[in-house]
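The chain contents come next:
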Amino acid sequence: MAKAVADKTTETFDLEGLNPEEVKSKMLLKYPPKVARKRAKQIVVNKVGDDGSVPVIGSNVRTVPGLISQRGCCYAGCKGVVLGPTRDIVNITHGPVGCGYYSWLTRRNQTDPDTSEDGHNFMTYCFTTDMQDEEIIFGGEKKLAQAIQEAYDNFHPKAIAVFATCPVGLIGDDVHAVCREMKEKLGINVFGFSCEGYKGVSQSAGHHIANNGIFTHVVGTDDTIKEGDFRINMLGEYNIGGDAFEIERLFDLCGFTLVSTYSGNSSIEEFANSHTADLNLIMCHRSINYVAEMMEKKYGVPWIKINFIGAEATAKSLRKIAAYFEDDRLMERVEEVIAAELPEIEKTAAEIRTRTEGKRAMLFVGGSRAHHYQELFAELGMKTLSAGYEFAHRDDYEGRKVLPDIKVDADSRNIEELHIEADPDKFNPRKTEAQLKSLEDKGVDFAGYEGMMPEMENGALVIDDISQHETEKMIAMFKPDIFCAGIKEKYAVQKHGVPLKQLHSYDYGGPYAGFRGAVNFYKEIDRMVNSQVWDYLKAPWQKSPELAARYGSE
Ligand code: CFM
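Since the structure is predicted, the reported quantities are computational estimates derived from the model, not experimental observations.

Definitions and cut-offs
- Residues numbered from 1 in each chain as written.
- Predicted model: local features only at pLDDT ≥ 70, side-chain atom pairs only at ≥ 80, totals over all residues.
- Heavy atoms only, no water.
- Helix = DSSP H or I, 4+ residues; strand = E, 2+ residues; numbered from the N terminus.
- Rg over C-alpha atoms; globule rule 2.2 N^0.38 Å.
- Buried < 20%, exposed > 50% of the residue type's maximum accessible area, 1.4 Å probe, protein only.
- Contact = heavy atoms within 4.5 Å.
- Phe/Tyr/Trp six-rings, centres within 6.5 Å; stacked < 30°, edge-to-face > 60°.
- Lys NZ or Arg CZ within 6 Å of the ring centre and 35° of its normal.
- Pairing = 2+ DSSP bridges.
- Patch = residues over 30% accessible without salt bridge, like charges linked within 9 Å, V, L, I, M, F, W, Y side chains within 5 Å.
- Areas by Shrake-Rupley, 256 points an atom, 1.4 Å probe, with all protein chains shown as cover.
- Salt bridge = Lys/Arg side-chain N within 4 Å of Asp/Glu carboxyl O.
- Lys, Arg positive; Asp, Glu negative; His and termini not counted.
- Charge placed at Lys NZ, Arg CZ, Asp CG, Glu CD.
- Near = heavy atom within 4 Å.
- Nonpolar A, V, L, I, M, F, W, Y, C, P; charged D, E, K, R; others polar.
- pLDDT = per-residue confidence, 0-100.
- Axes fitted to C-alpha atoms, helices over the stretch in contact; angles between N-to-C directions.
- Parallel < 35°, antiparallel > 145°, perpendicular 65-115°, else oblique.

Undergrad: What should I look at first to understand the overall build of the protein in this one?
TA: Per the secondary structure count, the protein includes 24 helices and 14 strands. For the protein, the C-alpha radius of gyration of 25 Å lies close to 24 Å, the compact-globule estimate for 554 residues. By the burial criterion, 55% of the 554 residues in the protein qualify as buried. Looking at the protein alone, contacts between residues at least 24 apart form 76% of all its contacts between residues at least 6 apart.

Undergrad: How do you make sense of the packing of aromatic side chains when you look at a structure like this?
TA: Geometry of an aromatic ring pair is reported as the spacing of the ring centres plus the angle between the planes. Scanning the model with the defined rule gives 23 aromatic pairs in all. For the ring pair tyrosine 101 and tyrosine 102, a centre distance of 5.3 Å and an interplane angle of 85 degrees mean the geometry is edge-to-face. Owing to a relative accessible area of 46%, tyrosine 101 belongs among the partly exposed residues under this scheme. By relative accessible area, tyrosine 102 is classed as exposed at 63%. Ring-pair connections join several aromatic residues into one group, and the members of that group are Tyr373, Phe377, Tyr506, Tyr512 and Phe521. When the ring centre of tyrosine 449 is taken as reference, the NZ or CZ atom of lysine 305 above it lies at 5.0 Å. Across from the ring centre of tyrosine 324, 4.5 Å away, lies the NZ or CZ of lysine 431, which sits over that ring.

Undergrad: Can you help me understand the pairing of strand 10 (residues 360–364) in this one?
TA: The buried count for strand 10 comes to five of five residues, which makes it a mostly enclosed element. Burial of strand 10 is two-sided: the residues Arg360, Met362 and Phe364 facing one way and the residues Ala361 and Leu363 facing the other way are all buried. Sheet topology places strand 10 next to strand 11 (residues 383–388); five bridges connect them, and they run parallel. Within the sheet, the bridge partner assigned to phenylalanine 364 lies in strand 11 and is glycine 388.

Undergrad: When you look at a negative patch on the surface in this model, what are you seeing that I'm missing?
TA: A surface patch of like charges, here negative, comprises Glu141, Asp174, Glu181 and Glu184. Relative to the helices and strands, glutamate 181 is located in helix 9 (residues 175–186).

Undergrad: Where do I start with the site of the ligand in this structure?
TA: In the vicinity of the ligand, 14 residues are found, and the nearest of them are Arg107, His207, Cys284, Phe391 and His504. The residue makeup of the shell around the ligand, split by class, is six nonpolar, six polar and two charged.

Undergrad: Explanation requested: the confidence of the model for the protein in the structure shown.
TA: Close reading of the predicted structure is inappropriate where its pLDDT is low. Mean pLDDT over the protein works out to 95, with 97% of the residues at or above the 70 mark. Long-range and interchain partners of residues 1–9, a stretch whose pLDDT sits below 50, account for one contact in this model, where long-range means more than four residues apart.

Undergrad: Help me understand the packing of helix 15 (residues 328–356) against helix 22 (residues 514–529), please; the structure alone is not making it clear to me.
TA: For any two helices packed against each other, one specifies the inter-axial angle together with the distance between the axes. Packing of helix 15 against helix 22 brings their axes to within 10 Å, and their N-to-C directions diverge by 10 degrees. The angle between helix 15 and helix 22 falls in the class roughly parallel. Between helix 15 and helix 22, the residues in contact are Ile338, Glu341, Leu342, Ile345, Thr348, Ala349, Ile352, Arg355 and Thr356 and Phe515, Val519, Tyr522, Lys523, Asp526 and Val529, respectively. Looking at the contact of helix 15 with helix 22 residue by residue, the class counts come to nine nonpolar, two polar and four charged.

Given below as structure tokens:
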């Protein structure tokens, strides 16, 4: 015991024989002192205390100009991430054509439209006002109204949403006024988002704006209660590569009734009555926690954090949902589903693990996946050397317990916080205080998220908003067996001879969620980390100088 205490005080960590603090210093060396000081706060050597505490990490702050970041903009977070996957809203980008064009289907969010006559699916279309110099100078509101009218005449959608891009904010077009006017004229729901790209410090601002907008204009507008038992909403699941399809398969097998998904494979009608569900499940905490919080306050729907990335995590999450409903038959059914599917998956994992055990991964993705995917790597016996988010906040790293300590800076203050109160007619607490307490004692953690760092090893490097320079340094120092990021990093990383798995779009693969998704991921990673192709990256004369000499003399 005494030894353990002594060890604690003198603890230094080792990252594959290197001191992680030294690794950090090497990454910062090239920066001017002021930049290095700023970045130092966002690069942290992980250390989990006995009480689960972790060091403070700087996050959700402006990227230093000059550093090559992988972040996106506010418009991307609002239109692309949160609203983009809903198939039956006509989403009009009010702005120059590039904003609409480059946010069109690039995320591989899939949908399964109803094929009956009025089964709308507008995701295959790109709607934009295509602003020109004339609108920039004289204003674009007239053109926006025309675009809304044209979309209505051609498609007769149930709803139209308008997204503001940077120039719209700069010239002062009032998208909300145009939407109000057109809503009245057309008699359908038309609503706008002030999600100008420059707002906030990343796409995270856009998530918040999107959450506020859906909550204000759509949630609670239809009180129809969907038939079925154990009614749930799935929040923060966007059906990239078909993930939501696999999760829906499991929900059906277990007997849960899915009222809505925000927003993979979704339709606007599902948002409208989502307040009638009895439990909210949060998959991606970063992008959608606001809707969960607001729905709890206004309608009394509690939320829990779940994770369907990883076979074990999937089983655990299904059990958690069943536990909430306190129904023996449901709990049995969930156990039957797990027993029917998990052993086969564990067998596959064990077989693949013989080839992946001990390999090393780095993950730098968004605001949620850099955490979740560590589970899948652990199931393959792989180690996460370093991980980080692009735009997450401290709670996604350190857990929601730090929420009261988070300083609200000017950039965050720019994003509206809605004031929500209990609805006088529709507020209906789904569980009593005593029930909540007894469920908590059984391990159902309400409104909680532990974050990424408490689950990572001591000594692992946690890097927020990693830059291109830091990426290259990390690769040079560690040469990981796989690097997980996105299309912007893919080819630069692969030129170093390290395979890159896209965890945003999944390259051409997926689903990776749920049980079947886990197997897809195991196979994909096995293929990537054991590929011989990287050995051919160097020409024979680069590997053997004597060959160069011979060719040179001929
Ligand atoms: Fe949530 Fe996402 Fe992510 Fe995200 Fe994204 Fe994405 Fe992502 Mo790309 S909502 S935070 S803004 S899980 S698009 S589906 S993969 S960065 S980690």
